[in-house]
Amino acid sequence: MSKPSFVYVTYIAAPPEKVWQALTKPDITEQYWFGYRVTADGKAGDRMTAVSPAGKQAHDDPIIESDPPRRLVYGWQPL
Amino acid sequence: MSKPSFAYVTYIRTTPEKLWAALTDPLTIRKYWFGITAESDFKPGSLWALKFEDGRTADTGEILEAEPPRRLVIRWRNEFKPELKAEGWSRCTMLVEMTDYYPDRGGKAVKLTIHHETEGEGGGKFIEAVSGGWPKVLANLKSLLETGDIAFQEYPK
């Protein structure tokens, strides 16, 4: 029995470094993630955090892998 | 056992009418589909084909349903790769919806859903091939409609 999963692929006209910044820096996520400030620019073992537009902590999850600007894996458990 | 299928959803900052035009106008298709273009009048019952720039036929089929600007269903078979052609017919449904469109909250996007499945139980290789192709074509379509420019000029190797 396989685990439920979701896979999505898209292509973006931007250099890898710029996409990486957009995935990990709160000042950028805030602009496209419905106001959520997501911080995920740490190393493996650090935390991924997300704060809602109302200022509520929405995520505090482990960064499992981080290989800028290629690969980012983090846990995901809404608080 | 479910039939092999591919589903993709993307949101594009445009109108349903402009998206429909981009899905059915041969000259626009050529811009975002790596030089491939469609030959069809996109009316129910009409023949449909995708052609390479050099005139070779890539895919053939028939328009099963066309309800501008909402719903397009194409019966579709690969013609240029024998192992894919051997897998037979597929059905591609394209839906253009205003679902999740919230102009009162600043939303400006329409939802495009592509669902591509084989008619029979087989067709795994065909679906694998379109699963790689659709994200590239649709990323190019989204870029073209939103910015006036495509993301790729040529089919990425």
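Going by the structure above, here's the rest.
Please read these numbers as outputs of a predicted model, since none were measured by experiment. (Residues numbered from 1 in each chain as written. Chains lettered and ligands numbered in written order. Predicted model: local features only at pLDDT ≥ 70, side-chain atom pairs only at ≥ 80, totals over all residues.)

1. Section: the overall build of chain B
Then comes step 1: When helices and strands are tallied, chain B shows 4 helices and 7 strands.
Then comes step 2: For chain B, the sequential pattern of α-helices and β-strands runs β-α-α-β-β-β-β-α-β-β-α.
Then comes step 3: Relative to the globule expectation of 15 Å for 157 residues, the C-alpha radius of gyration of chain B, 15 Å, shows essentially globular dimensions.
Then comes step 4: Its C-alpha atoms put chain B at 50 × 40 × 30 Å along the principal axes.
Then comes step 5: Across the 157 residues of chain B, 25% fall into the buried class.
Then comes step 6: A separation threshold of at least 6 residues defines the contact pool for chain B, and within that pool the share at least 24 residues apart is 47%. (Helix = DSSP H or I, 4+ residues; strand = E, 2+ residues; numbered from the N terminus. Rg over C-alpha atoms; globule rule 2.2 N^0.38 Å. Buried ≥ 20, exposed ≤ 12 C-beta atoms within 10 Å, placed from the backbone. Contact = placed C-beta atoms within 7 Å.)

2. Description of the overall build of chain A
Then comes step 1: Looking only at helices and strands, chain A has 2 helices and 4 strands in total.
Then comes step 2: Reading chain A from its N end, one meets helices and strands in the order α-α-β-β-β-β.
Then comes step 3: Expressed as lengths along the three principal axes of its C-alpha atoms, the size of chain A is roughly 35 × 30 × 25 Å.
Then comes step 4: Counting over 79 residues, chain A shows a buried share of 11%.
Then comes step 5: Expressed as a percentage of contacts within chain A between residues at least 6 apart in sequence, the contacts between residues at least 24 apart total 13%.

3. A few points about unusual backbone geometry
All names here are of chain A.
Then comes step 1: The amide bond that connects proline 68 to the next residue, proline 69, takes the cis arrangement and shows omega of -5°.
Then comes step 2: Among the structural elements, proline 69 can be located in the loop between β3 (57–67) and β4 (71–74).
Then comes step 3: The phi angle at phenylalanine 34 is positive, at roughly 55°, despite the residue not being glycine.
Then comes step 4: Here phenylalanine 34 is to be found in the loop between α2 (26–32) and β1 (37–39).

4. Section: the nonpolar core
Residue and element names in this part refer to chain B.
Then comes step 1: In terms of nonpolar packing, the biggest core is built from 23 residues, with Leu19 and Leu112 touching the most fellow members.
Then comes step 2: Counting only elements with at least two residues in this core, the list comes to α1 (16–24), β3 (47–51), β5 (71–78), β6 (90–97), β7 (110–118) and α4 (124–147).
Then comes step 3: Examining the composition of this core, we find that 5 residues originate from one element, α4, more than from any other.
Then comes step 4: Not counting chain neighbours up to four residues away, the residues in contact with leucine 112 comprise Thr10, Ile12, Leu19, Met94 and Val96. (Core = buried A, V, L, I, M, F, W, Y, C linked by C-beta atoms within 7 Å.)

5. Brief notes about the interface of chain B and chain A
Then comes step 1: At the interface, 6 residues of chain B touch 4 residues of chain A.
Then comes step 2: Taken together, the residues that form the side of chain B that touches chain A break down as 4 nonpolar, 1 polar and 1 charged. (Nonpolar A, V, L, I, M, F, W, Y, C, P; charged D, E, K, R; others polar.)

6. Details of the sheet that holds β6(B)
Residue and element names in this part refer to chain B.
Then comes step 1: Here we have 7 strands laid out as an open sheet, ordered β1-β7-β6-β5-β4-β3-β2, and antiparallel in their pairing. Looking at strand neighbours, the two that pair on one side only are β1 (5–12) and β2 (37–39), the edges of this open sheet. Averaged over neighbouring strand pairs, the angle between their axes works out to 25° when direction is ignored.
Then comes step 2: Here α1 sits on the sheet and contacts β1, β5, β6 and β7; the angle it forms with β6, its principal contact strand, is near 155°. (Pairing = 2+ DSSP bridges. Axes fitted to C-alpha atoms, helices over the stretch in contact; angles between N-to-C directions.)

7. Description of the sheet that holds β1(A)
All names here are of chain A.
Then comes step 1: Strand order in the open sheet formed by 4 strands is β1-β2-β3-β4, with antiparallel pairing between adjacent strands. Every other strand in the sheet has two partners, leaving β1 and β4 as the edge strands with one partner each. Here the average twist between neighbouring strands, direction ignored, is 30°.

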